[in-house]
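One letter stands for each residue in the lines below.
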Amino acid sequence: MSAITITEERNIANALISGLANLAETPTREQVEEKAKQIAAIFGYTGDLRNITTEAMISVDTRMGAGVSLVDVTAKHDDQWVHKREDVTWTYADAYENFLLKEGWPPRMVQSLSDVTTRILGHLQDPLSEGTTWSRRGLVIGHVQSGKTANYTGLIAKVADAGYKFIIVIAGIHNNLRKQTQERIDEAFIGRSSDPDDRRKIGVGLAAGYPNPATLTNINEDFNKNTAAKSGWTINDFSKPIILVIKKNVTTLTALHKWLKALNTEGDGRISDVPMLLIDDEADNASINTNKEDIDPTRTNAMIRNILGLFAKSCYVGYTATPFANIFINPDGYDEKVREELFPRDFIYCLDAPTTYFGAEKVFLNEETSQSIVKSIDDCEDFIPYAHKRDGSIPELPPSLYHALDKFIVARAIRNLRGQTNKHCSMMINVSRFVPVQKAVRDFISLREKKIREAVRANYMMPESISSANTYMQGLKRAFETEYANAGFTWSELKLALNDVFVHLRLFVINSKSDEALDYTKYEKEGTGLTAIAVGGLSLSRGLTIEGLTVSYMYRNTKMYDTLMQMGRWFGYRPGFDDLCRVHLSRDSINWYSHIAEAAEELVQQVKRMRRDGLSPKDFGLYVRSHPDSLLITASNKMRSAQEVTVEQSFSGRLRESYILSTDPEVNARNISLITQYWKAGFGGRLEEDTGKGFIFRDVSIRIIEDFLAKFECHSTFAGQKSDVVNYLERIAAKHPLADVLLISPEGGSGDGKSLTLRNQMRVVGKDQPSGTSWRLNKDRVASRGDEKLGLSEPQKKEAEKLASGEDGTGAVSDTHYRMVRNKPLLMVHSIEPKGEALTGPIPAFGVSFPYGDYATTITVVVNKVWLQQMQGYTDDPDEEEDYDA
């Protein structure tokens, strides 16, 4: 397909989307198809309209909520200043919004992005406000690959219109990410290519009379002392705003600081008349635990603070999808001053994900969708173990990786059949941090791809009786039948489409030593949809956008929240092919991603709750530092020499479950007897009510629940956590003297169904389980999603739905929302039946759901290295990381 055809399609799609945007009700696909035909006739276009129709359907159904902010309630700040300033001409902001519309953004999305960036701008200082000095510190929490760059670009355009003169964007720690960010800023704000050999107008700059901002960085060069020396400029030499896109690197920050200090400060050593904004993209990444001097967290943050300190009027806004490191601040990596200076004291803003976002909820938390998307890797350890060395030999790749390659080839063929030939389609392979191992993986994949290509070429036109005899064709057919049989095509249709998959298929190794650039724009200019297989490590993991990512294969063992979430490049937008996406991970990673996704959801709900309660970011900081998961970040840094760590913890708004179960039949028999005893006594004489999935006892004395848990026997590795739960119940007993008890007993569950006996819930026994006398449940979860809804009244359920949906009616209701409306402790008791023959059941388990609002209530928790190792596993050590950019 030529570039002209792509432009033609883009124009028709834009006209169609604009025409549909004003409809009062969401149109049917038939109505959209009819409208598409009418517009195509006007353009004289006779090509395939399926892709255009799909894009338009997604566009009219895409919405994004306003998000929620937590602000310092004690500060004297008027966040309505934006609306009171009548002198502002929104030149840059309007140009940016028009640019997004031309790029095919749904009009509703452009409008909601504009509304959100106006709200964030209101949290900054009015650059024309009175007062000689001011500073604001904030954090914007988005979702991985959800459009944070688009958001802060919109914010940049608005601050420039409002009167900010100097803007710095710190774009991660890698060269390729800085370059990618510079290209986006060039197109969406500067309006001119910063390529020294090609200074043409692009993007917003194509509009007549566009006032191009100045920049001292370009796609090839970061800011350095030579750039500064060559320019000889000062900030006030420019009538227009200046923007720099720099790497988070001590050398770069030092060079910028020196230039600002030497050429721009006045007698008092400060720049007094230049309002500045510093955007810290991937703001958590300075927390990375490394001894490499250029990305040392303390020095990096000190330099950021020094730069901010040069300006009498400054705003700092961190952008991240993984806020844990920003708030669970690493006590070994930061001194007290650094922590307080960059902490978002003025505001924390949580962005809503658009309705069409393909995120953690869909991939890991929704049991129905995650079943088809997520596939467990059980064979990689025998080929490329977690703990391999950079010079270790790789004799062969695991069969599961070859199966994933088959799926990718089939998925690309389906996308082509759907009319998406000019769209990019990618596969990501991330199994090692070491460059030599990445090259070895590439060589094996290259050889395999060549054999599949030859097999397809020889067989795709052949009768099935001949083609089915070929081993590689068998692999492709198996991938089709097991994964994509319901994608809308038959095997014979798909087989005919296989040959075209290889026309634009390319393999890339993406790392700091690689000379291969995964440059999608080059192919776009030629009107080509690239089919890319990208092999890499850390460079693939953070910030780099992998266009059209369809199949992912990752076998890495880090459990640091920020690192792991950023490796999740599979999140994002998948218009017209989200049903084809597959994510291959180890069982450990699947469990951990699910855990992090829930923790991230809880943090956002906590922001909403605290805003409702009139609290400030500093209260949120205290809450998160006493969050149980803070142990996994703080303890790993403190335990290098210490044997134990003592911390204060709060379980406010948390669910704590006995996910490590004892496999001792005698222990389990005693626990079954204990449940029967308390059930018979009505948990202190309360009446049982049927919930449809078991029974509820309302308003049970907290003392009876403490007594029940004290007698409930846990495996020794969980005994400490059970003790913490009981201690916390005791601490909140005065405020919450009564609790509910749920006995989960699903209709159709296994068991003899005797009176006072729970029916069982089936659970899969994972690979390498059980371990000794314990069984660790999949995803570290006992309850099913939605269990906390049981026993709630209809008004309570409606309130939970309202909390989830926000202002615009989007958002999935979860147990977190049900927990908010219950507002008292809940004990859930379960009976688990292991699937298969490895274990015999039933095995009783419990969970305690704690209400929100007890922010200041904590218990003292002591952990040791054994506990940390059990919880966290071995982490990638960034000090050994071979994949940092030079």
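Since the model is a prediction, treat every value here as computed from it, not as a measurement. Just so you know, the residues in each chain are numbered from 1, in the order the chain's sequence is written. In keeping with the model being predicted, local features are shown solely for residues with a pLDDT of at least 70 and side-chain atom pairs are shown and tallied solely at 80 or more, while totals for entire chains, interfaces and linings include all residues. To obtain the side-chain values, all non-hydrogen atoms of the structure were used and water was disregarded.

The next thing to look at is the overall build of the protein chain. Only DSSP runs of H or I with at least four residues qualify as helices, and only runs of E with at least two residues qualify as strands; both kinds are numbered from the N terminus onward. Counting its regular elements, the protein chain contains 33 helices and 27 strands. Counting the 886 residues in the protein chain, one finds 58% classified as buried. Across the protein chain, contacts joining residues at least 24 apart in sequence account for 81% of those joining residues at least 6 apart. Shrake-Rupley sampling with a 1.4 Å probe provides the accessible areas, and residues are treated as covered by the protein chains on show and by no other component. If you sum the accessible surface of the protein chain, you get close to 35200 Å²; carbon and sulfur atoms cover 49% of it. Here the term buried applies to any residue with accessible area under 20% of the maximum for its type, exposed to any over 50%, and partly exposed to those in between, with areas from a 1.4 Å probe on protein chains only. Whether two residues are in contact is decided by their heavy atoms: any pair within 4.5 Å suffices.

Our focus in this paragraph is the sheet that holds strand β11 (residues 425-430). Strand order in this open sheet of six strands is β10-β16-β14-β11-β13-β12, and the pairing throughout is parallel. Edge positions in the open sheet fall to β10 (374-377) and β12 (505-510), since each of these has one partner strand only. The sheet shows a mean angle of 15° between the axes of neighbouring strands, direction not considered. Contacting β10, β11, β13 (531-536), β14 (549-554) and β16 (582-586), helix α16 (residues 399-417) crosses the sheet at an angle of about 170° to β11. What makes two strands pair is DSSP finding at least two bridges between them. Each axis is a line fitted through C-alpha atoms, and for a helix only the stretch in contact is used; angles between axes span 0 to 180 degrees, taken between their N-to-C directions.

Checked against the element boundaries, Asn671 lands in helix α27 (residues 665-680). Taking the relative accessible area as the measure of exposure, Asn671 reaches 2% and is therefore buried. Those residues in contact with Asn671, other than ones at most four positions away along the chain, are Lys711, Phe712, Glu713 and Pro844.

Take the environment of Gly568 next. By the element assignment, Gly568 lies in the loop between α23 (561-567) and β15 (572-573). On the basis of relative accessible area, Gly568 is assigned to the buried category, the value being 0%. Residues Gly568 and Tyr593, 25 residues apart in the sequence, show an inter-C-alpha distance of 9.0 Å. Look past the residues within four positions of Gly568 in its chain and what remains in contact with it is Val144 and Tyr593.

With that out of the way, let us pick up helix α24 (residues 587-612). Expected helix span is taken as 1.5 Å per residue step, with the number of steps being one fewer than the number of residues. Its 26 residues place the ends of α24 38 Å apart at the C-alpha level, agreeing with the 38 Å of an ideal helix rising 1.5 Å per residue. Of all 26 residues that make up α24, 19 are buried, and the element is covered over most of its length. Of the residues flanking the end of α24, it is Gly614, one or two places downstream, whose phi is positive at about 70°.

As a further point, take the nonpolar core. We define a nonpolar core as any set of buried Ala, Val, Leu, Ile, Met, Phe, Trp, Tyr and Cys residues linked to one another through side-chain atoms lying within 4.5 Å. Val441 and Trp570 are the most contacted members of the largest nonpolar core, which has 78 residues in total. Per-element tally for this core: the top contributor is α16, with 10 residues. Contact partners of Trp570, with chain neighbours within four places excluded, come to Phe358, Val363, Phe364, Met428, Leu549, Ser552, Met554, Val583, Leu585 and Tyr593. In terms of nonpolar packing, the next biggest core, distinct from the first, is built from 46 residues, Leu661, Tyr678, Phe712 and Ile859 among them.

Before going further, it helps to spend a moment on the packing of α27 against helix α29 (residues 702-711). When two helices pack together, their arrangement is given by the angle between their axes and by how far apart the axes lie. α29 packs onto α27 with a crossing angle of 160° between their chain directions and a minimal axis gap of 10 Å. Between α27 and α29, the angle is such that the two are roughly antiparallel. For the crossing formed where α27 meets α29, the hand is right-handed. Taking contact as the criterion, the partners of Asn671, Leu674, Ile675 and Tyr678 in α27 are, on α29, Ile704, Asp707, Phe708 and Lys711. Its residues placed into classes, the contact of α27 with α29 shows five nonpolar, one polar and two charged. Working rule for angles: under 35 degrees goes down as roughly parallel, over 145 as roughly antiparallel, 65 to 115 as roughly perpendicular, anything else as oblique. Definitions for this section: a left-handed crossing has its near helix turned counterclockwise from the far helix by less than a right angle. A right-handed crossing has that turn clockwise. Each residue is assigned to one class: nonpolar for Ala, Val, Leu, Ile, Met, Phe, Trp, Tyr, Cys and Pro, charged for Asp, Glu, Lys and Arg, and polar for all the others, Gly among them.

Moving on to the pattern of salt bridges. Any carboxyl oxygen of Asp or Glu within 4 Å of a side-chain nitrogen of Lys or Arg constitutes a salt bridge here. What the rule picks out here adds up to 36 salt bridges. Taking the shortest distance from any N to any O, the salt bridge between Lys450 and Glu454 comes out at 3.3 Å. Residue Lys450 and its partner Glu454 are both found in helix α17 (residues 435-459); the two are separated by four residues, about one turn of the helix. Residue classification places Glu454 among the partly exposed residues on the basis of a relative accessible area of 42%. Connected via shared salt-bridge partners are Lys375, Lys407, Glu483 and Arg582.

For the rest of this paragraph, the subject is helix α7 (residues 148-162). Taking 1.5 Å as the rise per residue, α7 with 15 residues should run 21 Å; its terminal C-alpha atoms sit 21 Å apart, in good agreement. Taken from the residues just after α7, Gly163 is the one with a positive phi, measuring 125°.

A separate point is unusual backbone geometry. Most peptide bonds adopt trans geometry, and most residues besides glycine take a negative phi value. Look at the link from Gly841 to Pro842: it is a cis peptide, with omega at 0°. Although it is not a glycine, Asp780 sits at a positive phi angle of roughly 55°. Mapped onto the elements, Asp780 comes out in the loop between β24 (774-776) and α31 (794-805). With relative accessibility at 12%, the residue Asp780 sits in the buried group. Even without being a glycine, Asn823 presents a positive backbone phi close to 60°. Position of Asn823 among the secondary structure elements: in the loop between α32 (815-822) and β25 (826-835).

Right, let's get into the sheet that holds strand β3 (residues 166-171). Within the open sheet, the eight strands sit side by side as β1-β8-β2-β7-β6-β3-β5-β4. Their pairing is mixed. The open sheet has two edge strands with one neighbour each: β1 (68-71) and β4 (214-215). Most of the contacts of α7 go to strand β6 (residues 276-281), to which it runs at about 175°, and overall it touches β3, β5 (242-246), β6 and β7 (313-320).

Moving on, we get to the packing of aromatic side chains. In this analysis, rings of Phe, Tyr and Trp, with Trp reduced to its six-membered ring, are considered paired at centre separations within 6.5 Å, and the interplanar angle assigns stacked below 30 degrees, edge-to-face beyond 60, and tilted for intermediate values. Inspection of the entire model under this criterion finds 24 aromatic pairs. Between the aromatic rings of Phe651 and Tyr728, the centroid separation amounts to 5.1 Å while the plane-to-plane angle is 40°, which identifies the pairing as tilted. With Phe651 in the loop between β17 (644-649) and β18 (655-657) and Tyr728 in helix α30 (residues 716-732), this pair connects stretches of sequence that are 77 residues apart. Residues Phe651 and Tyr728 agree in their burial class; the two are buried. Seen in terms of ring centroids, Phe683 and Phe697 are 5.3 Å apart; in terms of plane orientation they differ by 50°. Their pairing is tilted. Taken together, the residues span a long stretch of sequence, with Phe683 in helix α28 (residues 682-685) and Phe697 in strand β21 (residues 694-701) at a distance of 14 residues. With respect to burial, Phe683 and Phe697 carry one shared label: buried. By the criterion adopted, a ring carries a charge over it if an Arg CZ or a Lys NZ lies within 6 Å of its centre and within 35 degrees of its normal. It is Arg415 that lies over the ring of Phe577; its NZ or CZ is 3.6 Å from the centre.

Turning our attention to the packing of α7 against helix α8 (residues 175-190). Where α7 contacts α8, the axes come no closer than 11 Å and their chain directions differ by 45°. The angle between α7 and α8 places the two elements in the oblique class. Crossing angle aside, the handedness with which α7 passes α8 is right-handed. Residues Thr149, Tyr152, Thr153, Ile156, Ala157 and Ala160 of α7 form the contact with α8, whose participating residues are Thr181, Arg184, Ile185, Ala188 and Phe189. Tallied by class, the residues present in the contact of α7 with α8 amount to seven nonpolar, three polar and one charged.

The bond known as a disulfide is covalent and runs between the sulfur atoms of two cysteines. Two cysteine sulfurs form what is called a disulfide whenever their separation falls within 2.5 Å. Evaluated as defined, the whole model comprises zero disulfides. Cysteine Cys581 shares no disulfide, and the gap to the nearest cysteine sulfur, in Cys425, comes to 8.6 Å.

A word on the confidence of the model for the protein chain. Overall, the predicted model of the protein chain reaches an average pLDDT of 84, with 85% of residues at or above 70. Residue-level confidence of the predictor is what pLDDT reports, using numbers from 0 through 100. In the predicted structure, residues 286-290 sits below a pLDDT of 50 and forms 24 contacts with residues beyond four places in sequence or in another chain.

Attention now moves to the side chain of Ser432. Relative to the helices and strands, Ser432 resides in the loop between β11 and α17. Relative accessible area serves as the criterion here: at 1%, Ser432 is assigned to the buried category. A 3.5 Å cut-off defines polar contacts: any pair of N or O atoms within that distance qualifies, except that in protein one atom must be a possible hydrogen donor and the other a possible acceptor, and neighbouring residues in sequence count only when both atoms are side-chain atoms. One polar contact links Ser432 to His388, side chain to side chain, over a distance of 2.7 Å. The residues contacting Ser432, other than those within four sequence positions of it, are His388, Val437, Gln438, Gly536, Gly537 and Arg556.

The subject of this paragraph is the pairing of strand β2 (residues 134-141). Along any regular strand, the residues point their side chains to alternate faces of the sheet. Counting buried residues in β2 gives seven out of eight residues, a clear majority hidden from the surface. Sheet topology note: the β2/β7 ladder contains eight bridges and is parallel. Across the sheet, the residue bridging to Arg137 is Tyr316, located in β7. When β2 meets strand β8 (residues 347-350), the two strands line up parallel, connected through four bridges. Residue pairing in the sheet places Ile141 in a bridge with Cys350 of β8.

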